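The chain contents come next:
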Amino acid sequence: FNSLQSSPGQPDFTSIPPRIVCVGEDPESIVASDFFRSDGLALDLAIVDENRDAVIFLTWDEAREDWFEQPFTLSARLPQHFVPFDLGGSRFLALASRAQQSLEVFQRQGDCPGSSCAWQYICTFPVPPDDRAGRPAGFSIARSAAGAVEAALAVEDGDVALGASAPLLVDLVSFTGPSPDMAGFGSFRSAAVERVAVESCENEFGLAGVLLADIDRDGEPDLLSFEPETLRISRAGALGEMAETLIELPELPGGEVEALVGWSAPAQQSDLTWIALCTNRRACLISADRSGGASLEWVCDEPHGDVHDAAVGRRNKGGNPRTDFFLALMDASGISILLPSAGKPAQPPVLRIDGAFRMACLGAHDVNGDGIDDLAVVDGMELRIHLASATGAGSPFRGEPSRVAPLPRFIDPVELAFLEANGDGWTDIACGAHDGDVFVFLGNGRGAFGNPAALVAAPGVEALRAADLDGDGIDEILAAVDAPGLIVLPGAGTMQPQR
């Protein structure tokens with residue numbers, strides 16, 4: 001039990017007479033605070049009860065000289081610890097539960113003396129295993145056939161950081177959607193964090209990438225890993241089993257060392273899963289069949305320069321990556337647009353964005369609803385997001401000066417994510433900064449974006465993804481950070497659309 005000290009102008013809570021209150025069968029902890037008014041004139045108790053799977057609130061009724069139970073509870077599976085805190089003039093609650101291995105944060109919505117109070121879900125911090133070390137080394141999300149969002153976060157192992165040989169370590173988190181007893185609170189439940197060691201994926205520098213894709217079509221995403229040193233793509237097996245090699249890419253002339261820039265699984269056909277993989281020296285399209293075989297279908301190993309970001313997009317509404325997709329590779333000179341259907345280009349066309357001085361990161365998505373993916377480029381020097389579009393399936397991309405979204409200040413941009421941030425049906429853009437801010441730009445459905453709203457993740461953002469975790473039609477933002485590893489931010493559901 002924690003004590004409250006009385007002070008001038010506040011009631012002397014020590015005068016409250018002793019009472020025995022039945023609140024459950026297995027109370028885990030108790031916290032005394034002014035939870036609902038924040039004026040120092042009321043005393044509430046929050047009791048974490050493992051048996052009732054909830055946090056129960058009691059308020060002292062001065063008139064009746066007794067405690068009464070609030071009709072509002074916070075539901076949690078096997079709750080353990082509960083901490084109130086104030087930030088920016090608002091009251092927050094942080095709830096840790098043993099079953100979820102996560103920390104959920106709620107914010108009080110207004111004062112509500114003597115009655116139930118609205119606590120709005122804010123974010124979830126999945127708690128990683130105790131032996132986590134180093135920064136994120138790869139991040140991927142995918143949705144299972146059952147609707148759960150799976151997240152894979154590769155982490156640098158302490159031994160790997162010192163140069164020793166060790167398996168790739170991956171934390172797996174499953175977000176299973178809203179809990180029935182949390183309906184209306186925008187909350188979701190995440191399963192316990194599972195640590196997987198990909199035993200045959202030894203990586204000297206701890207920088208192997210991970211990708212979730214349902215290769216065998218069993219409804220559950222498979223965990224793929226890429227090793228820059230061996231150029232090997234592997235699929236992790238069951239716990240305790242070695243990873244299965246899907247394909248090894250041929251070495252470049254001279255055996256030049258490559259670094260993974262990005263990869264994704266942009267399309268699936270009846271028996272094939274297509275993987276687009278880009279390193280700093282080449283771009284590849286790989287087809288993987290459900291039995292575990294894979295083939296290198298297309299490669300471009302002569303980009304203009306050292307590639308530092310890449311994106312895959314649709315150039316028409318078909319679903320065949322060889323004919324309907326494009327790859328965009330960004331280097332210091334501009335953005336090379338590659339069309340796999342054209343074969344290996346002798347000199348790929350280069351898109352240069354007028355006014356862009358330091359192109360930091362790149363993304364592809366249809367932001368104007370024409371069925372062709374547009375390009376978004378973050379300029380870290382001029383504090384802008386530039387947008388470029390193609391007017392038809394075979395036409396070149398062009399940037400328009402009017403389609404520029406301003407950044408509020410100088411940032412070190414990390415990655416772009418496209419999402420539905422406010423439920424209006426139009427594509428919005430989130431830009432993650434390494435210092436911990438995530439800026440959300442609302443779109444108007446015609447390719448224009450307004451000034452951003454800022455969300456705060458944590459220092460050391462390394463990657464950004466977006467998915468609807470709770471089924472309310474608004475995407476949450478998943479940020480991979482140095483510590484604690486994975487942070488989930490709410491979509492900006494109360495933001496107004498950009499006209």
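Rules used throughout
Residues numbered from 1 in each chain as written. Predicted model: local features only at pLDDT ≥ 70, side-chain atom pairs only at ≥ 80, totals over all residues. Heavy atoms only, no water. Helix = DSSP H or I, 4+ residues; strand = E, 2+ residues; numbered from the N terminus. Buried < 20%, exposed > 50% of the residue type's maximum accessible area, 1.4 Å probe, protein only. Contact = heavy atoms within 4.5 Å. Areas by Shrake-Rupley, 256 points an atom, 1.4 Å probe, with all protein chains shown as cover. Pairing = 2+ DSSP bridges. Axes fitted to C-alpha atoms, helices over the stretch in contact; angles between N-to-C directions. Salt bridge = Lys/Arg side-chain N within 4 Å of Asp/Glu carboxyl O. Polar contact = N/O pair within 3.5 Å; in protein donor to acceptor, adjacent residues only side chain to side chain. pLDDT = per-residue confidence, 0-100. Phe/Tyr/Trp six-rings, centres within 6.5 Å; stacked < 30°, edge-to-face > 60°.

Peer 1: I would appreciate a short explanation of the overall build of the protein in the present structure.
Peer 2: Scanning the protein from N- to C-terminus turns up two helices and 35 strands. Taking all 499 residues of the protein together, the buried fraction comes to 52%. For the protein, contacts bridging at least 24 residues in sequence account for 48% of all contacts bridging at least 6. Of the roughly 21200 Å² of accessible surface on the protein, a fraction of 51% belongs to carbon and sulfur atoms.

Peer 1: Would you explain unusual backbone geometry in this entry?
Peer 2: Trans is the common state for peptide bonds, and a negative phi is the common state for residues other than glycine. In this structure, Arg217 is a non-glycine residue whose phi angle is positive, near 60°. On the basis of relative accessibility, which here comes to 24%, the residue Arg217 falls in the partly exposed class.

Peer 1: Would you mind going over the sheet that holds strand β29 (residues 413-419) with me for this structure?
Peer 2: Each strand in a sheet pairs with another by means of backbone hydrogen bonds, the pair being arranged parallel or else antiparallel. Pairing is antiparallel across the open sheet formed by four strands, whose spatial order is β29-β30-β31-β32. The two strands at the open ends of the sheet, each matched to only one other strand, are β29 and β32 (453-456). Averaged over neighbouring strand pairs, the angle between their axes works out to 25° when direction is ignored.

Peer 1: Please explain the pattern of salt bridges as it appears in this structure.
Peer 2: Charged atoms that come close allow side chains of opposite charge to pair. Counted by the stated rule, this structure contains five salt bridges. Two residues, Asp271 and Arg290, come together in a salt bridge whose shortest N-O distance is 3.3 Å. With Asp271 in the loop between β17 (260-268) and β18 (272-279) and Arg290 in the loop between β19 (283-289) and β20 (294-300), this residue pair connects regions lying 19 residues apart in the sequence. For Arg290, a relative accessible area of 40% gives the class partly exposed. Note that Glu415 and Arg465 form a salt bridge whose closest N and O atoms lie 2.9 Å from each other.

Peer 1: Whenever I open this one, the side chain of Asn280 confuses me. Can you help?
Peer 2: By secondary structure assignment, the location of Asn280 is in the loop between β18 and β19. Of the residues examined, Asn280 reaches a relative accessible area of 12% and is grouped as buried. A polar contact is formed between the side chain of Asn280 and the side chain of Asp306, at a distance of 3.1 Å. The residues contacting Asn280, other than those within four sequence positions of it, are Val257, Glu258, Ala259, Val261, Pro303, Gly305, Asp306 and Val307.

Peer 1: How should the environment of Pro490 be read in this particular structure?
Peer 2: Among the secondary structure elements, Pro490 is positioned in the segment after β35 (486-489). The exposure class of Pro490 is partly exposed, given its relative accessible area of 24%.

Peer 1: Where do I start with the confidence of the model for the protein in this structure?
Peer 2: Interpretation of this model should avoid reading the predicted coordinates in detail wherever pLDDT is low. Scored by pLDDT, the protein has a mean of 75; 69% of the residues are at 70 or more. Throughout residues 179-186 the model reports pLDDT below 50, and contacts reaching past four residues in sequence, or to other chains, amount to twelve contacts. Low confidence marks residues 493-499, where pLDDT is under 50. Its contacts with residues over four positions away, or in another chain, come to 23 contacts.

Peer 1: Sorry, what's going on with the sheet that holds strand β24 (residues 350-351) here?
Peer 2: If you trace the four strands from one edge of the open sheet to the other, you get β21-β22-β23-β24, paired in antiparallel fashion. At either margin of the open sheet sits one strand with a lone partner, and together these are β21 (309-314) and β24. Where strand β22 (residues 325-331) lies against strand β23 (residues 334-338), five bridges are found, and the strand directions are antiparallel. The partner of Leu329 across the bridge, within β23, is Ser336.

Peer 1: Before we go on, may I ask you to explain the side chain of Ser389 in this structure?
Peer 2: Residue position: Ser389 is located in strand β27 (residues 384-390). Polar side-chain contacts of Ser389 include one of 2.5 Å to the side chain of Asp374. For Ser389, the contacting residues outside a window of four places in its chain are Asn368, Asp374, Pro396, Phe397, Arg398 and Arg403.

Peer 1: What am I meant to see in the environment of Trp60 here?
Peer 2: Residue placement: Trp60 occurs in strand β3 (residues 54-61). Between the C-alpha atoms of Trp60 and Asp44, which are 16 residues apart in sequence, the distance is 6.4 Å.

Peer 1: Honestly, the pairing of strand β15 (residues 232-235) in this entry has me stumped. Any pointers?
Peer 2: Within a regular strand, the side chains alternate between the two sheet faces. Both faces of β15 are covered, namely the face carrying Arg232 and Ser234 and the face carrying Ile233 and Arg235. In this sheet, β15 lies alongside strand β14 (residues 222-227) in antiparallel orientation, the contact comprising four bridges. Each residue of the ladder has a partner; that of Ser225, found in β15, is Ser234. Count of turn residues in the β14/β15 antiparallel hairpin: four residues, of which Leu231 carries a positive phi of about 55°. Where β15 meets strand β16 (residues 244-248), four bridges bridge the pair, whose relative direction is antiparallel. Among the inter-strand pairings, Arg232 is bridged to a residue of β16, identified as Glu248.

Peer 1: How should the packing of aromatic side chains be read in this particular structure?
Peer 2: Inspection of the entire model under this criterion finds two aromatic pairs. Each ring, one from Phe226 and one from Trp263, has its centre 6.1 Å from the other, and the planes form 55°; the classification is tilted. Within this pair, whereas Phe226 is found in strand β14, its partner Trp263 is found in strand β17, the two being separated by 37 residues in sequence. Exposure remark for Phe226: the relative accessible area of 1% places this residue in the buried category.

Peer 1: What am I meant to see in the environment of Leu74 here?
Peer 2: Here Leu74 shows up in strand β4 (residues 66-75). On the accessibility criterion, Leu74 (1% relative accessible area) is buried. In this structure, the C-alpha to C-alpha distance between Leu74 and Leu93, residues 19 residues apart in sequence, is 10.0 Å. If sequence neighbours within four positions are ignored, Leu74 has contacts with Asp53, Ala54, Val55, Phe57, Phe82, Leu93 and Phe106.

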